[in-house]
Amino acid sequence: MEGKKFEILMLFQLIFAVLVMLIGIYSKVTENYNLLPLMLILLSIMLFIMGLREYKRTQSFLWGIICLCISLYILFVAVKGIMIN
């Protein structure tokens, strides 16, 4: 492990990406879309982690802020979807 250090943020991003994919596939196959707000919440967390990783990697606020804003918007849509149901 001298070349590259394994990041904990990468692990969390991978876990959330797999969960989003599994919920998306399950919803599409069963045509049961009740889990979409949960999928959107997990997606917003994944984008937040991507923004943190990008900021850490480049030390640039631009992509980190963009990912953070998209993450907050998706979280807002998910919470609004939960409140409507």
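Just so you know, these numbers come straight off a predicted model, no measurement behind them.

Visitor: Whenever I open this one, the side chain of Gln 13 confuses me. Can you help?
Guide: Of note, Gln 13 is situated in helix H1 (residues 8-30). On the basis of relative accessible area, Gln 13 is assigned to the buried category, the value being 13%. Leave out the neighbours within four places in its chain, and Gln 13 touches Met 46, Ile 49, Met 50 and Arg 53.

Visitor: Any chance you could explain unusual backbone geometry here in plain terms?
Guide: One non-glycine residue, Glu 31, lies in positive phi territory at about 55°. Relative to the assigned elements, Glu 31 resides in the loop between H1 and helix H2 (36-58).

Visitor: Mind showing me how you'd approach the packing of H2 against helix H3 (residues 61-84) here?
Guide: Geometrically, a packed helix pair is captured by the angle between its two axes and the distance between the axes. Two elements in contact, H2 and H3, have axes whose closest approach is 8 Å; the angle formed by their N-to-C orientations is 170°. Accordingly, the angle class assigned to the pair H2 and H3 is roughly antiparallel. Taken as a pair, H2 and H3 cross one another with a handedness that is left-handed. On H3, the residues that touch Pro 37, Leu 40, Ile 41, Leu 43, Ser 44, Leu 47, Phe 48, Gly 51, Glu 54 and Tyr 55 of H2 are Phe 61, Trp 63, Gly 64, Cys 67, Leu 68, Ile 70, Ser 71, Ile 74, Leu 75, Val 77, Ala 78 and Ile 82. A per-class count over the contact of H2 with H3 returns 17 nonpolar, four polar and one charged.

Visitor: It is not clear to me how the side chain of Ser 44 should be interpreted in this structure. Could you clarify?
Guide: Among the structural elements, Ser 44 can be located in helix H2. Within the structure, Ser 44 has its side chain in polar contact with the backbone oxygen of Ile 41 (distance 2.7 Å). Other than its neighbours up to four places away in sequence, Ser 44 contacts Ser 71, Ile 74 and Leu 75.

Visitor: Looking at this structure, how should I read the nonpolar core?
Guide: One broad trend across soluble globular proteins is that nonpolar side chains are buried collectively. Counting residues in each nonpolar core, the largest one holds eight residues, listed as Leu 9, Phe 16, Val 20, Ile 23, Met 39, Leu 42, Met 46 and Ile 49. Sequence-distant contacts of Met 39, that is, excluding residues within four places in its chain, are made with Val 20, Ile 23 and Gly 24.

Visitor: Explanation requested: H3 in the structure shown.
Guide: Because an α-helix completes one turn every 3.6 residues, residues spaced three or four positions apart along the sequence face the same direction. An ideal rise of 1.5 Å per residue puts 34 Å on 24 residues; H3 measures up with 34 Å between its terminal C-alpha atoms. Buried residues along H3 sit against H2.

Visitor: It is not clear to me how H1 should be interpreted in this structure. Could you clarify?
Guide: With 23 residues, H1 should reach 33 Å at 1.5 Å per residue; the first-to-last C-alpha distance of 33 Å fits that figure. Every buried residue of H1 is listed here: Leu 9, Gln 13, Phe 16, Val 20, Ile 23 and Ser 27. In this structure, the buried residues of H1 make contact with H2. Looking at the residues trailing H1, positive phi occurs at Glu 31, about 55°.

Here is what the cut-offs are and how they apply
Residues numbered from 1 in each chain as written. Predicted model: local features only at pLDDT ≥ 70, side-chain atom pairs only at ≥ 80, totals over all residues. Heavy atoms only, no water. Helix = DSSP H or I, 4+ residues; strand = E, 2+ residues; numbered from the N terminus. Buried < 20%, exposed > 50% of the residue type's maximum accessible area, 1.4 Å probe, protein only. Contact = heavy atoms within 4.5 Å. Axes fitted to C-alpha atoms, helices over the stretch in contact; angles between N-to-C directions. Parallel < 35°, antiparallel > 145°, perpendicular 65-115°, else oblique. Left-handed = near helix turned anticlockwise from the far one by under 90°. Nonpolar A, V, L, I, M, F, W, Y, C, P; charged D, E, K, R; others polar. Polar contact = N/O pair within 3.5 Å; in protein donor to acceptor, adjacent residues only side chain to side chain. Core = buried A, V, L, I, M, F, W, Y, C linked by side-chain atoms within 4.5 Å. Expected span 1.5 Å × (residues − 1).

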